[in-house]
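Below are the chains, spelled out letter by letter.
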Amino acid sequence: QDLFPEPHPASQKGGITYQQLVEIPVDMQEQVLLDELVGAMMGLEGQFLRFHSMEIGETEEGEEYVEPAGFGFASFSDIGGNLDSSLQSILTRMLPLCSNYVHVNQYVSSCLGMYECGIVTRTLCEAINKLLREYLEFVANLNYLLREAGTDEKTISMSMVYVNSQPSIRTMAVLYQVVSTARGKKGGELLNALQNLMSLHYVGDAKGSEVMSFLLMECAAPYARMMQSWLQRGKVHDPYNEFMIEVTDKRFRESQVTFQQRMEWTDWCRVQDEHVLDSLHDADDQMSSTRNALFGDESRATSNMSARDKAYTTGKYRRAIHFCIEGPISSSGQETKAEQKKEEEVNTLLNPLKLSRCIDHSYHDASDTLLHLLMGKYDILSSLRFMKKYFLLDQGDFFVNFLDGVETELHKELPNVLQGRVQNWLTTTMARSMESNPQSSHSTQFASSLRCCFLDRNVRDTLHDMGKGRKSSRSKKSSRAKVLAGFEAIAFEFKNVPFPASLVLSPVQLRSYQLLFRQIFFAKYVERQLVNMWSDHQLLKQMTALRAACSPTFSLRRRMLHFIQNFVYYMKFEVIEPHWRELESKLNAAKDYCLNRSTHDDSTEANFPRTVDDLLNEHNQFLTRLFTQCLLSNYDLIERASKIMTTCLLFCTQIKFFMESTKVHETLENTRIERSMMRFGKKKKNSDRETEFRAKREENIQRCSDRILKEYRTENYQHMIKKFDQVFTSHLAEFMKNLNSDYGQRSNSHLTNLFMQLDYNGFVSSSLYTE
């Protein structure tokens, strides 16, 4: 009632006010009520037609009812009795028009002044306001005719007004439905609500469909402009959060990302499901049969993507292209022309088939452009080769040179490791490696960003933290209480990943590379220690008296070396290398496809990435296969393999202490020095000196041999060798049984391959079964 502060003087005629309407003749009642009706059609109260507020009450049966606010008759006492039945019937049909106008006008007035309602809502209100202005023009003409009829002898009846108001009654009823549906909604959610309202209530209704189509065409225009801007430029101006894409990264919104800055692919923006148009979901159903005909060479990733995901990805591709190249973004004929009509944009937005085709074309254009940049200008293949060389330890020169400088540091406990020294030697080793094998400029940027770090979790505990383990909290706590050595904690990381390589090498992929590196590095480190022990044992071969006593030690070392060498060979040459060759061939084919697209034969069904999504998918599958087949996805196997390698390291350490205690190196080194002095000194009595030297050498060797044999025969040494043999055999038995399990044979053929590699002649399995 606040909208009607003053009653409309509809009941005043010639200065005479009628207090009781029923006291005057029926024809005059009609004129009075007709005058008040015209005022009520403009939202003004009269004496006999009043605006009643919403009323909530209970019926006699106790049921609650709600009487909506709207125009109605005044009280019985104000009217003075019952109105003429015909007048009352017509007014009853006309008053909803007045009530609907008040509600619609109130909604429009409130939303037009509230910017937080959003652009789509305000555009809808502007469209409704156009219809309201037409309606008020009709009411003004009706009021004019009513006044003219008062001066002339012509009269206008209530029934004539009712007949002429039929279009307005229907239009205002539709607008009331629209306003009731639109309350509290904005953006894509509002458009979906209006489309659902039209499809549910106004199919087959010519007038209702006309009004709804007009409103949808008008209010969908801002959303259509956002969609076109997103698909063609990767930009969206959405200050009121109405579009299906929400920009979550400030740098993405302000175009402040440079090549050197790290920007994660998934952090740019996100989909707002409540503002995704239903036409995008309908497009998935309608385009399922048409898509293959439009795009015969469509990729696997594209065929599995929904229209919503394609639209989301297309904008990200456009933005990535903008960050890769300077200047305005251009596309191959897909940019919206300046003279394009608003109706075409809106028709495309509201038509599922047209919208899906538009998104498909934009997606393929953006994907082809970005793929060409990745494979050509930024040479993503060279970046992946860099990852293979340094994270998957592809070349032995880097590993050997690196360990030659830092092996002493890595053997220390983690708190005592000088990390700066390790980092400096890493930089030096990489510089040497890159001098012998020149790299591309992008690989040079990777090298300058590579850092050496030390983590406080070993590989086994890291996998447990990732949820891939099933150990109890007690064993987990005891495992973490151990202080790690440098070789267990070392890992590589990047200070920053240059864009757009960060699209392919996301944090998830880098973590997989890091775990693979730690697994391979640890295995090769154990192999290096065993090979060093083998070199030490070669010094004992000339001591023939030790052969029988050394046999248990040599046999255990040989078994350990057989396991670790075959395990490293399996990871390097049976897992990494075949999968890398497959990935490399696909990326080379994709590179040729991008650079020579005009001469490329589409008839060949080569299996290589044709879109950026395919490229990311191929790389993800490559890492997934490596992660799985290098046993990192099987916690039980990696736990037992870690125990075996740890046992080998402990054995190497004990044998190294034993060799130092026997001073065999010192004895042989003194012999070598004497031999050199005799060879290059003054030659006097050469034969006598040679005989004397040989006798002395034999004596020293015999003395050293007796000392070593005495140590071999001690109970402590024999118990140590026996204990190591039992522990190694036990861990190897558990490892081999897991590899040879039924699950491994049926589901993971690579486990069977590793089992055959470790037990190629059946010796290991036969010894295990015998035990």
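Because the structure is a prediction, the values reported are computed rather than measured.

Visitor: Could you give an account of the confidence of the model for the protein, with specific residues and numbers?
Guide: In this model, the protein carries a mean pLDDT of 79, and residues with pLDDT of at least 70 account for 74%. Mean pLDDT in the protein bottoms out at helix α11 (residues 291-294), which sits at 42, and peaks at helix α6 (residues 166-182), which reaches 93. Low pLDDT (under 50) marks residues 255-262, which in the prediction has 27 contacts with non-local residues, meaning those over four places away or in another chain. Predicted confidence for residues 468-480 stays below pLDDT 50, and this span has 19 contacts to residues more than four positions away or in other chains.

Visitor: So what's going on with the environment of T171? Which residues, and what values?
Guide: Take T171: it is sitting in helix α6. Classification of T171 by relative accessible area gives buried; the value is 13%. Sequence separation of T171 and E210 is 39 residues, and the distance between their C-alpha atoms is 9.4 Å. Contact partners of T171, with chain neighbours within four places excluded, come to K207 and V211.

Visitor: So what's going on with the pairing of strand β3 (residues 49-52)? Which residues, and what values?
Guide: Residues L49 and F51 line the buried face of β3, whereas the alternating positions R50 and H52 sit on a face that is not buried. As judged from the 4 bridges shared by β3 and strand β6 (residues 70-73), these two strands associate in the antiparallel manner. Across the sheet, residue L49 finds its bridge partner in β6, namely F73.

Visitor: If you had to explain the packing of helix α3 (residues 85-112) against α6 to someone new, which residues and values would you point to?
Guide: It is at 9 Å that the axes of α3 and α6 come closest, and there the two elements cross at 40°. In this view, α3 runs oblique relative to α6, as classed from their interaxial angle. Crossing of α3 against α6: the hand is left-handed. Here R93, M94, L97, N100, Y101, H103, V104 and Y107 of α3 lie close against α6, whose contacting residues are S168, I169, M172, A173, L175, Y176, V179 and A182. A per-class count over the contact of α3 with α6 returns 12 nonpolar, 3 polar and 1 charged.

Visitor: Can you tell me about the nonpolar core, naming the residues and giving the values?
Guide: In this structure, L37, M41, I128, F521 and F735 are the most contacted members of the largest nonpolar core, which totals 219 residues. Sorting elements by how many residues they give to this core places helix α25 (residues 547-595) first, with 19 residues. Excluding residues that lie within four positions of it along the chain, F735 makes contacts with F563, L631, L637, R640, A641, I644, L754 and L758.

Visitor: Outline the pattern of salt bridges, supporting the account with residue identities and numerical values.
Guide: Under the criterion given, the structure shown has 26 salt bridges. Between E584 and R385 there is a salt bridge, with the nearest N and O atoms lying 3.1 Å from each other. Residue E584 is found in helix α25, and its partner R385 is found in helix α16 (residues 380-390); the two are separated by 199 residues along the sequence. The class of R385 is partly exposed, set by a relative accessible area of 35%. The partner of D404 in a salt bridge is R528, with the nearest N and O atoms 2.6 Å apart. Of this pair, D404 sits in helix α17 (residues 396-410) while R528 is found in helix α24 (residues 507-538), placing the two residues 124 residues apart along the sequence. One network of salt bridges, with partners in common, ties together R385, K388, D394, E577, R581 and E584.

Visitor: Which residues make up unusual backbone geometry, and what values go with them?
Guide: In terms of backbone geometry, most residues other than glycine have negative phi values and most peptide bonds are trans. For the peptide bond that leads from F499 to P500, omega is 10°, which places it in the cis range. Counting through the fold element by element, P500 comes out in the loop between β10 (490-494) and α23 (501-504). The phi torsion at L393 lies on the positive side, around 50°, for a residue other than glycine. Its place among the elements puts L393 in the loop between α16 and α17. Classification of L393 by relative accessible area gives buried; the value is 2%. Phi is positive for L631, which is not a glycine, with a value near 75°. Tracing the backbone shows L631 in the loop between α26 (612-629) and α27 (635-662). For L631, a relative accessible area of 1% corresponds to the buried category.

Visitor: Give me the lowdown on α16, citing residues and values where you can.
Guide: Within α16, 10 of the 11 residues are buried, leaving the element largely enclosed by the surrounding structure. Residues of α16 that are buried include every one of I380, L381, S382, S383, L384, F386, M387, K388, K389 and Y390, and no others.

Visitor: Account for the environment of F517, naming residues and giving values.
Guide: With respect to the helices and strands, the residue F517 is situated in helix α24. For F517, a relative accessible area of 0% gives the class buried. Between the C-alpha atoms of F517 and F391, which are 126 residues apart in sequence, the distance is 5.0 Å. Once residues lying within four places of it in the same chain are set aside, the contact partners of F517 are Y390, F391, L393, I490, A491 and F492.

Conventions and cut-offs
Residues numbered from 1 in each chain as written. Predicted model: local features only at pLDDT ≥ 70, side-chain atom pairs only at ≥ 80, totals over all residues. Heavy atoms only, no water. pLDDT = per-residue confidence, 0-100. Helix = DSSP H or I, 4+ residues; strand = E, 2+ residues; numbered from the N terminus. Contact = heavy atoms within 4.5 Å. Buried < 20%, exposed > 50% of the residue type's maximum accessible area, 1.4 Å probe, protein only. Pairing = 2+ DSSP bridges. Axes fitted to C-alpha atoms, helices over the stretch in contact; angles between N-to-C directions. Parallel < 35°, antiparallel > 145°, perpendicular 65-115°, else oblique. Left-handed = near helix turned anticlockwise from the far one by under 90°. Nonpolar A, V, L, I, M, F, W, Y, C, P; charged D, E, K, R; others polar. Core = buried A, V, L, I, M, F, W, Y, C linked by side-chain atoms within 4.5 Å. Salt bridge = Lys/Arg side-chain N within 4 Å of Asp/Glu carboxyl O.

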